[in-house]
Amino acid sequence: MDSILSILAPMILVVIGYSVGSTKVINEGNEALVERVGQYHRKLRPGLNFIIPFVDKVAVEETVREQVLDTPPQQAITKDSIPVEVDAVVFWKIKELEKAFYAVEDLERAIEDLVKTTMRSMIGQLELDQTYSSRADINRHLLQELNEATANWGVEVLRVEVQEIAPPQEVLESLAKARAAESEKQAAISEAEGAKQASIAEAEGTVRSIEIISKALQEQPNSRQVLQFLVTQRYVEANQKLGESANSKVVFMDPKALTEAMTNLMDIPEASDGGNVSHSASARDH
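These numbers come from a predicted model, not from an experiment. (Residues numbered from 1 in each chain as written. Predicted model: local features only at pLDDT ≥ 70, side-chain atom pairs only at ≥ 80, totals over all residues. Heavy atoms only, no water.)

Trainee: Whenever I open this one, the packing of aromatic side chains confuses me. Can you help?
Mentor: Scanning the entire structure with this criterion turns up 2 aromatic pairs. Look at Tyr 40 and Tyr 102: their rings are 5.9 Å apart centre to centre, the planes differ by 65 degrees, and that puts the pair in the edge-to-face class. Here Tyr 40 is found in strand S3 (residues 39-44), whereas its partner Tyr 102 is found in helix H2 (residues 97-102), with 62 residues between them in sequence. For Tyr 40, a relative accessible area of 37% corresponds to the partly exposed category. Here Phe 101 and Tyr 102 contribute two aromatic rings whose centre-to-centre distance is 4.9 Å and whose plane-to-plane angle is 80 degrees, an arrangement assigned as edge-to-face. Judged by its relative accessible area of 34%, Phe 101 falls in the partly exposed class. Owing to a relative accessible area of 38%, Tyr 102 belongs among the partly exposed residues under this scheme. A network of ring pairs unites the aromatic residues Tyr 40, Phe 101 and Tyr 102 as a single cluster. (Phe/Tyr/Trp six-rings, centres within 6.5 Å; stacked < 30°, edge-to-face > 60°. Helix = DSSP H or I, 4+ residues; strand = E, 2+ residues; numbered from the N terminus. Buried < 20%, exposed > 50% of the residue type's maximum accessible area, 1.4 Å probe, protein only.)

Trainee: Any chance you could explain the pattern of salt bridges here in plain terms?
Mentor: Two side chains that carry opposite charge are able to pair once their charged atoms sit near each other. Applying the stated criterion across every chain yields a total of 11 salt bridges. Between Glu 35 and Lys 57 there is a salt bridge; the shortest N-O distance is 4.0 Å. Highlighted residues: Glu 35 in strand S2 (residues 30-36) and Lys 57 in strand S5 (residues 56-63), separated in sequence by 22 residues. For Glu 35, a relative accessible area of 12% translates into the label buried. One network of salt bridges, with partners in common, ties together Glu 31, Lys 43, Arg 45 and Glu 98. (Salt bridge = Lys/Arg side-chain N within 4 Å of Asp/Glu carboxyl O.)

Trainee: How should the nonpolar core be read in this particular structure?
Mentor: Here is a general trend for soluble globular proteins: nonpolar side chains tend to be buried in one another's company. Counting residues in hydrophobic clusters, the biggest one holds 33 residues, and the most contacted among them are Trp 92, Leu 107, Ile 111 and Trp 153. The dominant element in this core, judged by the number of residues it contributes, is helix H3 (residues 107-124), at 8 residues. Discounting chain neighbours no more than four positions away, the residues touching Trp 153 are Glu 96, Lys 99, Ala 100, Ala 103, Val 104, Leu 107, Ala 110, Ile 111 and Leu 114. The next biggest cluster of nonpolar side chains, apart from the first, holds 5 residues, and it includes Ile 26, Ala 32, Val 34 and Ile 51. (Core = buried A, V, L, I, M, F, W, Y, C linked by side-chain atoms within 4.5 Å. Contact = heavy atoms within 4.5 Å.)

Trainee: When you look at the packing of H3 against helix H5 (residues 135-149) in this model, what are you seeing that I'm missing?
Mentor: How two helices pack is summed up by the angle between their axes together with the distance between the axes. Look at H3 against H5: their axes get within 10 Å of each other, and the N-to-C directions meet at 135 degrees. In terms of orientation, H3 lies oblique with respect to H5. Seen along the crossing, H3 lies across H5 with a hand that is right-handed. Only Ile 138, His 141, Leu 142, Glu 145, Leu 146 and Ala 149 of H5 make contact with H3, whose side of the interface consists of Leu 114, Val 115, Thr 118, Met 119, Met 122 and Ile 123. Considered class by class, the residues forming the contact of H3 with H5 number 9 nonpolar, 2 polar and 1 charged. (Axes fitted to C-alpha atoms, helices over the stretch in contact; angles between N-to-C directions. Parallel < 35°, antiparallel > 145°, perpendicular 65-115°, else oblique. Left-handed = near helix turned anticlockwise from the far one by under 90°. Nonpolar A, V, L, I, M, F, W, Y, C, P; charged D, E, K, R; others polar.)

Trainee: Would you mind showing me how to read H5 here?
Mentor: Note on helix geometry: an α-helix contains 3.6 residues per turn, so any two residues three or four positions apart are oriented the same way. In this model, H5 (15 residues) spans 21 Å end to end at C-alpha, consistent with the 21 Å of a helix rising 1.5 Å per residue. For H5, every residue scored as buried is listed here: Ile 138, Asn 139, Leu 142 and Leu 146. Along the axis of H5, the buried positions cluster into a sector of 95 degrees, meaning they face one direction only. Among the exposed residues of H5, those pointing more than 90 degrees away from its buried face are Ala 136 and Glu 148. On its buried face, H5 sits against H3, helix H4 (128-133) and strand S9 (155-166). (Expected span 1.5 Å × (residues − 1). Arc of directions from axis to C-beta.)

Okay, structure coming up:
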C-alpha cells in the first residue's frame, strides 16, 4: 500500500500542477494574447481559459475598455505666425489587441505623439481668430485624422477635445487693445450715422415747414407782413441762442443800425405796395 501511495502521490501532484498551470482566468473588460513557441497563437476572452503549460505563454493581458489620454500643453504656430500653447484630451480603446501589441512598440506613447503632431498641423492651417471660432471643426478633423492613422494599430479613437488654446500674455493684451479700438471706431461711426440721420430728418422737416408756410402765405392777402414777422422772430431766437451758448461771443452793434434793420425787417413796403399807399393818402387828402 505504501508503495502504491508513493507512486500515485507524484502523479497527483503533476496533475494538479498541470491543471493549475493550464488554466488562465481573464477578467471582464480584458483580453489576453497567447504565444505558442514564440509565435502568436490565439486570443483569450474574459472567463476561464485553458492553455498548454510549457508550450503556451500568455504574452500580454490588456484592457479593451475606453481609455483617456490627456496630452500636456505644447507649442504650435498659427497661420498668422502667432505662437500658442494647445492641449487636448483623447478618448480611445483597443479594438484588436493582437495588432495593438505587435504593430507598435509603445501604443500609448505612439498615440500621444500622433495627437501632438496632428494638432500642430491643424493649428498651423488656421489663423488665431479661427482657432477660437472653429473649435468643433478642429475636434472633428483631429478625430478623422487620428482614426485613419491608428487603423493599423487596432485602435479606435472615440472622441477628441481640444481643451485650451492659449496665446502669450502680450498677444492677449494686444488683442484686447485692438478690440477696444474697434469698439470705439464702431461707436464713432454709429454716432456719426445718427447725427447724419438727424440732420437729414431736420432738413426734411425744415423743407416741409417751408412748403407749409409758403402755401399758407400764398393764401393770405398780407403775406409779406407775415413773412417779415417770421424772419424777425427767427433772428431774435438765433441771437438768444447765441447768448446762451457756452462758446458765445460778445457782439457790439450800433443800436441805431440794429433798430433800422429790425424796422426794415418788420416793415419794408414793396414798390407796388408803396404806390397803393400813396394813392390812398391822396384819396384821403381829397
